[in-house]
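What the coordinates show
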Amino acid sequence: MDAWLKKSSKNANLKPPAAAAATSSSKAAATEASTSDGASFPKIKVKSTAAPLDPARQPWVEKYRPKSIQDVAAQDHTTAVLKKTLGSANLPHMLFYGPPGTGKTSTILALCRELFGPELMRNRVLELNASDERGISVVREKIKTFAKAAVSPPDPNFPSPPYKIIILDEADSMTQDAQSALRRIMETYSRITRFCLICNYVTRIIEPITSRCSKFRFKPLDQANTKTRLEYICDEEKVHYAEGSLDTLIKVSEGDLRRAITFLQSASKLHASADDPITPRSIHEIAGIVPDSTLARLVEALGVELTTASGDNDADMLDAQDVKLNSSAKNGAKDGFARVKTQVEMIVREGYSAWQILSQLHDLLILDPLLPSVAKAAIALAMGEADKCLNDGADEELQILHVCLQIRAAVLRG
Ligand SMILES: Nc1ncnc2c1ncn2[C@@H]1O[C@H](COP(=O)(O)OP(=O)(O)OP(=O)(O)O)[C@@H](O)[C@H]1O
Ligand SMILES: [Mg+2]
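Residues numbered from 1 in each chain as written. Chains lettered and ligands numbered in written order. Predicted model: local features only at pLDDT ≥ 70, side-chain atom pairs only at ≥ 80, totals over all residues.

Things to note about the overall build of the protein
Secondary structure summary: the protein contains 18 helices and 9 strands in total. Considering the protein as a whole, with its 414 residues, one finds that 37% of them fall into the buried category. Relative to all contacts within the protein whose residues are 6 or more apart in sequence, the contacts with residues 24 or more apart total 76%. (Helix = DSSP H or I, 4+ residues; strand = E, 2+ residues; numbered from the N terminus. Buried ≥ 20, exposed ≤ 12 C-beta atoms within 10 Å, placed from the backbone. Contact = placed C-beta atoms within 7 Å.)

So this is what it looks like as structure tokens:
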């Protein structure tokens, strides 16, 4: 047991350097503790004798988390650079950023595993989930303690470079003060400690930190890579699916592989009992996509009309090409409010999330070639404001009603 672990056993609030393989299970076993500055973080119960989690009982996202850099799909540039560092065993401080479910956490965990092996990782890698542990006191105490601890002896079976790695996941939720406090630590202990910061919004990381790191941008997964990965999982899990199901899954997950895998697992559960293949319709149901016919009614009340009967097939998203301005709606403007309100009430009662409704409305209207640009600008503005209000905790129904009325006004203005 190295110096750090000895220290950690003295201080019950310190989480031992994370064994990435055990991350999810240890997170689940964690109990919340509070620091002096109010930030709470998990107090880990280390069970060295615990039996490994049966893969069959793991969620698929964890079961199919890439085990090596080689397994990471799509992010070619990042994986190419990291593979090179595996050879030279020289690692800069790193900053991974990009949308959710694109492989950031998986990549750094896989890299650590390849560098140190599962055993040595326990001593050499500290993984902090910055959403929980973001106070300045955590940086001063926990991170600094680990950063300056001596490097434990290498594992002869792995490259085991002579430094430790501190992973700060979700670093964009760290306070500015905590980030500032990190600057000096990154420099002082860089000989024996490398940092990997991970975030969704790189603009929330202060400039002095970004300039100390090599930046790696993670892109939403492209269709081909997502499909290959999903097909692989379907093969492994013996999932039967009807034609078009995977394409629908790819479409609704919008480059987020985690979401795609989660939906796939839910759909397979849904169909397992009936023993029939997964269908695009059930994917839509699970993803909470508003059916074409429902959306069509709302859109019509907003003064936009569908010209073809694409609404017959709920499994397909509405085609923006099929939408055109309904001039007759201008004449019926008097009862406009009542119609919009009724439709909004109905759609909200169906239980669709406001985000989903807005997102589908957005795709439909902004991509419509016949809507004037001025109207689109007004619509985009209204949606942006509603998004902010929803993030701030506003009422979903009121926000949708507000956006819809603004859309209607913009459409009528032409
Ligand atoms: N590039 C990828 N290659 C293979 N699997 C991936 C990839 N991206 C995501 N996954 C799958 O999605 C799951 C979640 O990925 P991961 O935790 O790495 O996402 P993330 O980018 O860290 O997301 P977040 O920003 O929400 O933390 C993984 O367990 C894995 O199953
Ligand atoms: Mg992550």
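Considering the nonpolar core
One finds Leu249, Ala260, Leu302, Val403 and Ile407 to be the most contacted residues of the largest nonpolar core, which totals 48 residues. Of all the elements in the fold, those that place two or more residues in this core are helix H10 (245–253), helix H11 (257–272), helix H13 (292–301), helix H15 (336–349), helix H16 (354–366), helix H17 (373–391) and helix H18 (396–413). Setting aside chain neighbours within four positions, we find Ile407 in contact with Leu302, Leu365, Ile379 and Ala382. Cys112, Met121, Phe146 and Leu197 belong to the second largest nonpolar core, which has 44 residues in total. (Core = buried A, V, L, I, M, F, W, Y, C linked by C-beta atoms within 7 Å.)

Quick notes on the environment of Ile379
Relative to the helices and strands, Ile379 is located in helix H17. Ile379 sits in the buried class, given 23 other C-beta atoms within 10 Å. Sequence-wise, Ile379 and Leu361 are 18 residues apart; in three dimensions their C-alpha atoms are separated by 9.8 Å. Not counting residues within four places of it along the chain, the set of residues in contact with Ile379 comprises Leu365, Ile366, Ile407 and Ala410.

A closer look at the sheet that holds strand E6 (residues 193–199)
The sheet built from 5 strands is open, its strands ordered E4-E5-E6-E3-E7 with parallel pairing. Strands with a single pairing partner mark the edges of an open sheet, and in this sheet they are strand E4 (125–129) and strand E7 (214–217). Geometrically, the sheet is characterised by an average inter-axis angle of 15 degrees between neighbouring strands, direction not taken into account. In this sheet, E7 lies alongside strand E3 (residues 94–97) in parallel orientation, the contact comprising 4 bridges. (Pairing = 2+ DSSP bridges. Axes fitted to C-alpha atoms, helices over the stretch in contact; angles between N-to-C directions.)

Quick word on helix H7 (residues 176–188)
In this model H7 runs 19 Å from its N-terminal to its C-terminal C-alpha over 13 residues, within 8% of the 18 Å that 1.5 Å per residue would give. Within H7, burial applies to Ala178, Gln179, Leu182 and Met186. The elements touched by buried residues of H7 are helix H6 (136–148), E6 and helix H8 (207–210). (Expected span 1.5 Å × (residues − 1).)

As far as function goes, none of this settles anything; it's purely spatial.
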